[in-house]
Structure formats: structure tokens, C-alpha cells
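Tertiary structure, described
Here's the letter readout for the chains.
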Amino acid sequence: MSEPLLSVEGLYTNYGKIQILRDVSLTVGAGEVVALLGLNGAGKTTTMRSIIGLTPPRAGRVRYGGRDITRWPAYKVARLGVGYVPEGRRMFRDLTTLENLQLAENGRGGAWTIARVLEQLPKLGELRGRKSGRLSGGEQEMLSIGRALVSNPTLLLVDEPSQGLAPLIVEDVYRILRELKATGVAILLVEQNALLALHIADRAYVMDSGRIVHGGPAAELAADRNRIRTLMGLDAAVG
Amino acid sequence: MFHDLAPQLFNGLVLGAFYAIVAIGLSLIMNLTGTINMAHGSFMTLAGYLAYSLVLRGTSFWFALIAAPLIAVIVGIAVERTLVRPLYRREPFYSLLMTFGLSLMAEEIFRLIWGPNGVPFSAPAALSGAASLGFMTFPTFRIFIVVVLVITISALAFFLTRTRFGLRLRAAVQDTEMIAALGTNTQVLYAVNFGLGIFLAGIAGVLAAGMLGLSPTSGNALLMPAFVTVIIGGMGSLFGSIVGGLLIGIAISMTTLFIPAASEVSMYVLMAIVLSVRPRGLFGEEGIFG
């Protein structure tokens, strides 16, 4: 069997002296959508940050596209085609919509250009000259995803894309993620709203207290709401 | 006294332009990395002395005006890579102390190389003399200074707002992690940004040497007004530094004319007034150049 696009093995990550991740292992295959579920503070965001090098792990290995990228600086990981849509969007608030997109142009080439992103997300086209700090939450989420697209990622790490958004806008966001999936982009999706994520994912992992406590096909987990409740706590199976 | 008003006002603008360009360099470095560069004045002095030595060895003033700041930039980037960079992860206090120590060392090194007293560094013949502005005459060299500083600041504004690298710098000031996650090597940004700040200091250093004289402490004399400029203009705003610098320059020149004894204290009075009305400075919340 060929190696998965991304494989994380035995990751241990600390914030200062506080241990966050304990022996986290997961894989994402090429073109696969993998959901990473869990409660607040379970370690999902830290897992993503460890993968892209923003919070280097203390131990363990991260392999991507056949290379060991453990503790690589974030810019090098990004240049390999790993896009990041962080929690809370993280716009460059004083820069315009267009400038935010321009920052992601990296000369890797690929199907996604700024023109194509603006065509696919026409709302962003209308707002191209507006400072991104003045966009609504939904518009910022679109821009954050658009920004990642312009970099033509092979793997996209998406952190809590539905957080704080109105249901209609969440639908929009997930429509784009599904379109991306159709074009063969692999996605590691962190989401509090378990059912929403399981709907689009091929496989799912559940984290609790910094460990992976479950891994398996998404459909299987989606069909078993009691299982989700047990794994993630009572209020997790919403939506 | 009042017939002195126009020339003195113009003097104030020249002085203010110096404060502005030094303050912009300080702000660039402070905004991106949180480093308060206490050695900024030393880089001014260094560029001044380098220009002096270059001209002494027979190069033209024009060559020295560009070459000396560039050499200072090379020294500056070396300092950033070796001494400042390891402190980025720490409290700003550490880099403040380190660069303060560096400025003390630099002063002694200048004394060792170029002597404890001031050295003469004068403008080339083409720039000496006076030019008529119609309503008054004014030393040509000072007009030249204003022209060079305006060109330099305009070039910087162009670089920051119209180039890809400038865009990355402006973005990194807001979120260094995200800019890294988009594929930009932030260490390169830090180094180039530090170099830019030093280049501005260097240009100011050479010009100031020709107008205000050159001694081991001459750059440091401009550092405190530059810090006051940053505070009056508002942290984070390069445009604020321009306005703040000009205001201080005019305040100092006007008090020199009317109440000479108070000239030293006037910028602090101005700072107190501005801060009591707007604690964040005049343009403290604006983005950098828009």
C-alpha cells in the first residue's frame, strides 16, 4: 500500500509546561476528507498547529508527501501545498479582500487563481477593495477559505469553519468544501458540529484530552448517535 | 524677530523631517518585531562616519550618500541575525537592554576609530550657498535635505503599498503566524525590515552629519526626539511619525525663536498635551500608510 498523503505518528506537543497532545496518530490519504472531532480543549487545533509547524511537537513524526516534515517551519510546510484555514479566520484586518488573496499567491501554479476564486465566490469580488476587518463573519470565512485556495493546496487544514456563523452561511461554506473535495483536495476538518463534519468526511477521528480515542469510517460514526454522545459528551451530537 | 519667522519655520521643518525619518525606521522595527532599537542612533552615527571616511578617501559625496547607509544596513542585518533575533521570543525589555548596551559600545568604538571630538563633514560645493525661495533665501543644503528625505519617505511608502514584499511586511505586522502559514519566510522579512529601518537611519545620519555635525554621540542626540515623535504620532502609524516629527521640529524651532531657554523642553510639553487629549497618539489606531 502506498503511503498516505499525511501521516502523523505518536505526536506529543506541549504549550510551555502543559502537555496538550499525547501520542496522537492519524493519516489523511490523497483526496480524502478526514474529520477531527472532539470537545473544546481536546487538542484538535494543537494537532493542526503541530502539523504545519506553528507549534512544533516535542516528540513524534509528521510525514507529508513522502517527506519527514516534523518541526519544519510553517512557511516551508505551506510551500509544499498545505493550506491552513485557521479558527477565527485570522484575516489581515487592515488589508483589503484582494490584498488578503494576493498574499497567498505562491507561484506553485494550479487551477486556483485569484480571478477564479472571485468568480466562484462572487461576494468576495464585490468586496475586493474593502478592508477585511470590515467584512462580516461569513464573508471573512469565505475569504479565509478563498485565501487558502489561491495557494492551490494539496492538503487543506480547516479549523472550525462553522463557528459563529448563521446556518445559511454554514451551508455555503460546506458547499465550497464539497466542491473542493470533488476536485481532489485532501481536507483535514476540525469541527465542533460533529454531524455536519461527518456528512462530508470519509473517515473520522475523535479526540479527548489530547488523545485520539476513536478512528473509523465517517458514515459508521454518523449512523450511531449514541456512540458520538459517548465519545464526545452529551451535547456534541447537534445539527 | 518676526522677519526670522519664515526661515525659522523652515528650519523646524528640516529638523522635523529628520525626526520623522528616524522615527519611521524605529517604528518599522518596533511594529514588526516589538524590538525597541536603542542602537538606532548609533547606526545614524555609523553611516555619518562612513560617509566622512569615504569622502576623505576621495569618493564623491553623492556616492557616500548611498554607499554609507548601505554599509550600515549590512552591519545592521548582521546585528539583527546574531544579536536581536535570539531575543524575539522574549519580552521586549531584553532587546531594549541589548540594543542599549550596543549603543554604548558603538559610542566607544566610534571614539576609538574617529576620535573623541567632532569631525568636519561638509556638503559638497554644489550644495553650499543659499537659494532664493522667492520670499526668503535659505541654505541650499537644507533644501537638498528636505528633497532627499521626501523622496526617501515616498519611496518607502511606494515599497510598502505597491510591492509584493511590502504587502507581506504590512501583513506580518498584523499576524506573523498567518503570514508564515501562507508560505512567507518570516525570518527574511524580519531581516529585510530591520535593514530598511537602518537604511532610513543611515540616510538621515549622512545628511545630519552635513548639517548638525558629526561626533560619537551625534546620532543619539536625535534618538530621544525620534521616540517622542513615535509617541506623538501614535504607535504603529508611519504616517503619524511624519506628522509627529514635523510638529516637534516646528515646536522646537519656534520656541528657540521666542523662548530659547524652553526649546529643549518644548517637545515634551507637546507630547504631554497630545497624550492628555489622545492617549494613543495622533494616529495610533490607523493602519500603516492607510
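Residues numbered from 1 in each chain as written. Chains lettered and ligands numbered in written order. Predicted model: local features only at pLDDT ≥ 70, side-chain atom pairs only at ≥ 80, totals over all residues. Heavy atoms only, no water.

Okay, the overall build of chain B next. Secondary structure summary: chain B contains 11 helices and two strands in total. Counting from the amino terminus, chain B carries its helices and strands in the arrangement α-α-α-α-β-β-α-α-α-α-α-α-α. Whereas a compact globule of 290 residues would reach a radius of gyration of roughly 19 Å, chain B reaches 19 Å, a difference of no more than 12%. When each of the 290 residues of chain B is scored for burial, the buried share is 56%. For chain B, long-range pairs separated by at least 24 residues make up 76% of all intrachain contacts whose partners lie at least 6 apart in sequence. For chain B, the exposed surface amounts to about 12400 Å²; the carbon and sulfur share of it is 70%. (Helix = DSSP H or I, 4+ residues; strand = E, 2+ residues; numbered from the N terminus. Rg over C-alpha atoms; globule rule 2.2 N^0.38 Å. Buried < 20%, exposed > 50% of the residue type's maximum accessible area, 1.4 Å probe, protein only. Contact = heavy atoms within 4.5 Å. Areas by Shrake-Rupley, 256 points an atom, 1.4 Å probe, with all protein chains shown as cover.)

Attention now moves to the sheet that holds strand β3 (residues 33-38) of chain A. Residues and elements named next belong to chain A. The strand order across the open sheet built from six strands is β6-β7-β8-β3-β9-β10, with neighbouring strands paired in mixed fashion. Bordering the open sheet on either side are β6 (82-85) and β10 (211-217), each of which pairs with just one other strand. Here the strands of the sheet are splayed against their neighbours by 15 degrees on average, with no regard to which way each runs. Those strands touched by helix α7 (residues 167-182) are β3, β7 (155-159) and β8 (186-191), and its axis lies near 150 degrees from that of β8. (Pairing = 2+ DSSP bridges. Axes fitted to C-alpha atoms, helices over the stretch in contact; angles between N-to-C directions.)

On to the pairing of β7 of chain A. Residues and elements named next belong to chain A. Along β7, five of the five residues are buried, which leaves the element largely enclosed by surrounding structure. Of the two faces of β7, both are covered, the one formed by L155, L157 and D159 as well as the one formed by L156 and V158. Across four bridges, the pairing between β6 and β7 is parallel. Of the residues in β7, the one forming a bridge with V82 is L155. As defined by bridge partners, β7 adjoins β8 across five bridges and the pair is classed as parallel. Residue pairing for β8: L156 is matched across the bridge by I187.

A full pass over the atoms with the stated rule returns 13 aromatic pairs over all chains. Here the aromatic rings of Y49 of chain B and F110 of chain B are separated by 5.6 Å at their centres, their planes lie at 40 degrees, and the arrangement is tilted. In this pair, Y49 of chain B sits in helix α2 (residues 40-56) while F110 of chain B sits in helix α4 (residues 92-114), placing the two residues 61 residues apart along the sequence. The class of Y49 of chain B is buried, set by a relative accessible area of 0%. Centre to centre, the rings of F110 of chain B and W114 of chain B are 6.2 Å apart; their planes meet at 50 degrees, and the pair counts as tilted. Of this pair, F110 of chain B and W114 of chain B both sit in helix α4, four residues apart, which is roughly one turn of the helix. An aromatic cluster is built from F61, W62, F121, F141 and F144 of chain B, whose rings are joined through pairwise contacts. Note that K76 of chain A overlies the ring of W72 of chain A, its terminal NZ or CZ placed 5.8 Å from the centroid. (Phe/Tyr/Trp six-rings, centres within 6.5 Å; stacked < 30°, edge-to-face > 60°. Lys NZ or Arg CZ within 6 Å of the ring centre and 35° of its normal.)

Keep in mind these values describe shape, not function.
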